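Survey of secondary and tertiary structure
Residue-level listing of the chains:
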Amino acid sequence: MTQIILVLPGDGIGKEIIAEAIKVIDALKSDFGLDVEITNGLIGGAAYDAEGHPYPPSTQAQAKVADAILLGAVGGYQYDDLPRDVRPERGLLGIRADLELFSNLRPAILNEELAGASSLKAEVVAGLDIMIVRELTGGIYFGEPRGIRTLDNGEKQGYNTLVYKESEIERIAHSAFKIAMKRDKRLCSVGKSNVLEVMELWDEVVERVGKEYPEVELSHMYVDNAAMQLVKAPKQFDVMVTGNMFGDILSDAAAMLTGSIGMLPSASLDKKGKGMYEPIHGSAPDIEGKNLANPLATIMSVSMMLRYSLNQESLAQKIDSAVETVLKQGLRTADIYVDGVAGTTLVSTSEIGDAVVAALKS
Ligand code: IPM
Ligand code: MG
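The text that follows walks through the structure, step by step, so that each part is easy to find. (Residues numbered from 1 in each chain as written. Chains lettered and ligands numbered in written order. Predicted model: local features only at pLDDT ≥ 70, side-chain atom pairs only at ≥ 80, totals over all residues. Heavy atoms only, no water.)

Following both chains from N to C, one finds helix α1 (residues 14-32) and helix α11 (residues 313-328) inclined at 125°, their axes separated by 12 Å at the closest point. By the criterion of interaxial angle, the relationship of α1 to α11 is oblique. For the pair α1 and α11, the crossing hand works out as right-handed. Across the interface between the two elements, V24, L28 and F32 from α1 touch L315, K318 and I319 from α11. Taken together, the residues that form the contact of α1 with α11 break down as five nonpolar, no polar and one charged. (Axes fitted to C-alpha atoms, helices over the stretch in contact; angles between N-to-C directions. Helix = DSSP H or I, 4+ residues; strand = E, 2+ residues; numbered from the N terminus. Parallel < 35°, antiparallel > 145°, perpendicular 65-115°, else oblique. Left-handed = near helix turned anticlockwise from the far one by under 90°. Contact = heavy atoms within 4.5 Å. Nonpolar A, V, L, I, M, F, W, Y, C, P; charged D, E, K, R; others polar.)

This is how it looks when you write it as structure tokens:
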């Protein structure tokens, strides 16, 4: 049966990088029998401009019937002064919450070709392969109450609430343990139970769930130490599981270990495996429309989509090896280009996308 992919380019470089991912999907359709139909929709600032809301009812309806969703990025300077509840970012949080995409997988894998592009020494990152599992629909991002209030003395006070229920911790813990079982069977749960009661409960529930996965070696780390360890000795990690905000922060740090945030895809899954796939970098409005952005994170997000939602592991591997081929050919977008490295060429968004398609077909 034909499966439906909803494509949401969003804002900034979103359209450019999605265009390259579509080329890849089209090649899989024409040459490898992939049976999917693409529908296009609006999210973020683009949706606000067209329909007055960053996650409008039209997109909600499309998202409900889609088998998987491919998203570019949201946000732009022109939306910075909008009321908070219609800002582009709220569109992204809205779709994550609406579809209950609680399990966010953010792999940080160093492609050996790019060891020199990392800001860390090549030997510290060579062979790096970490999976960060970030809780995506709870925690301080969604906790109530939230807001900015005026105190009796007239001073303003901003407040948000970091909350996790046992059931929310349990389901993300199961996700993480299951992934660890398919990898090196080591899981590090990242929290802050020395200060926060909510993270004390987090540790306790993760321990409890861990009893069901005796083969997985479970450890706990405070988030500040985890940030330090990520830049000191990142290869000690296999799978990391953490809450929404800590995961947001640690995944940017982990991304940079791999040379560029332009290389990292992600999957956000619900309990049935329906998912939304997006690069973890943002909308980069400063380079919008310049054909400079790196589309590889988006293209690898398509690979994750094939693997996790569309049950097409062999096509996912084809994409992964096409990306590897292109990097071996020395093609580099600006974010991964290091001046003076022999055998490398600086290329544009569309050139590297075309090269991936060519590698797929060869
Ligand atoms: C991410 C982004 C989002 C987040 C923003 C754009 C709302 O930083 O996906 O990591 O904070 O989750
Ligand atoms: Mg982020």
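The discussion continues.
By the definition in use, this model includes 15 salt bridges. The salt bridge partner of D224 is K192, with a shortest N-O separation of 3.2 Å. Taken as a pair, D224 in helix α8 (residues 223-232) and K192 in the loop between β8 (186-191) and α7 (197-210) lie far apart in primary sequence, 32 residues in all. We note a salt bridge from R307 to D320, for which the minimum N-O separation is 3.1 Å. Taken as a pair, R307 in helix α10 (residues 296-308) and D320 in helix α11 lie far apart in primary sequence, 13 residues in all. (Salt bridge = Lys/Arg side-chain N within 4 Å of Asp/Glu carboxyl O.)

A word on the side chain of T258. With respect to the element layout, T258 can be found in the loop between α9 (244-257) and β11 (267-269). Assessed through its relative accessible area of 1%, T258 is described here as buried. Sequence-distant contacts of T258, that is, excluding residues within four places in its chain, are made with A108, I109, L110, L114, L128, M263 and L264. (Buried < 20%, exposed > 50% of the residue type's maximum accessible area, 1.4 Å probe, protein only.)

What follows covers the site of ligand 1. Every residue close to ligand 1 is listed here: E89, L92, R96, R106, R134, Y141 and D248. A distance of 2.8 Å separates an oxygen atom of ligand 1 from a polar atom in the side chain of R106. Contacts to ligand 1 include Y141, whose side-chain N or O atom sits 2.6 Å from an oxygen atom. Bound to the protein, ligand 1 loses 77% of the 320 Å² it would expose on its own. Sorting elements by how many residues they give to the shell around ligand 1 places helix α4 (residues 88-98) first, with three residues. Counting contributing residues per domain, the shell around ligand 1 is built from domain 1 (1-111 + 260-362) and domain 2 (129-257), each supplying no fewer than three. (Near = heavy atom within 4 Å. Polar contact = N/O pair within 3.5 Å; in protein donor to acceptor, adjacent residues only side chain to side chain. Areas by Shrake-Rupley, 256 points an atom, 1.4 Å probe, with all protein chains shown as cover. Domains from an automatic or database assignment.)

In regular strands, side chains alternate between the two faces of the sheet. Of all six residues in β8, five are buried; the element is thus mostly enclosed. Of the strand pairs in this sheet, β8 and strand β9 (residues 217-222) are connected by six bridges, and their pairing is parallel. Following the sheet pairing, C188 is matched in β9 by S219. Each parallel crossover has a hand, and for β8 linked through α7 to β9 it is right-handed. Bridging between β8 and strand β10 (residues 239-242) involves four bridges; their strand directions are parallel. In the sheet register, V190 faces β10, and the bridge partner there is T242. (Pairing = 2+ DSSP bridges. Right-handed = clockwise from strand over helix to strand, strands pointing away.)

Along the polypeptide, I280 turns up in the loop between β12 (275-277) and α10. The buried category is assigned to I280, whose relative accessible area is 10%. Placed 94 residues apart in sequence, I280 and R186 show a C-alpha to C-alpha distance of 24 Å. Beyond its immediate stretch of four places on either side in the chain, I280 contacts R106, S251, D252, A255, I261, L264, P265 and S266.

Note on aromatic pairs: each is described by the distance of the centres and the angle between the planes. Counted by the stated rule, this structure contains two aromatic pairs. Seen in terms of ring centroids, F177 and Y213 are 4.9 Å apart; in terms of plane orientation they differ by 5°. Their pairing is stacked. With F177 in helix α6 (residues 166-181) and Y213 in the loop between α7 and β9, this residue pair connects regions lying 36 residues apart in the sequence. Across the pair, Y213 and F177 agree in class, each one buried. (Phe/Tyr/Trp six-rings, centres within 6.5 Å; stacked < 30°, edge-to-face > 60°.)

Counting residues in each nonpolar core, the largest one holds 87 residues, and the members touching the most others are L70, V133, L296 and L306. Each residue touching L306, except ones within four places of it in the same chain, is listed here: L28, L34, N311, Q312, E313, L315, A316 and I319. (Core = buried A, V, L, I, M, F, W, Y, C linked by side-chain atoms within 4.5 Å.)

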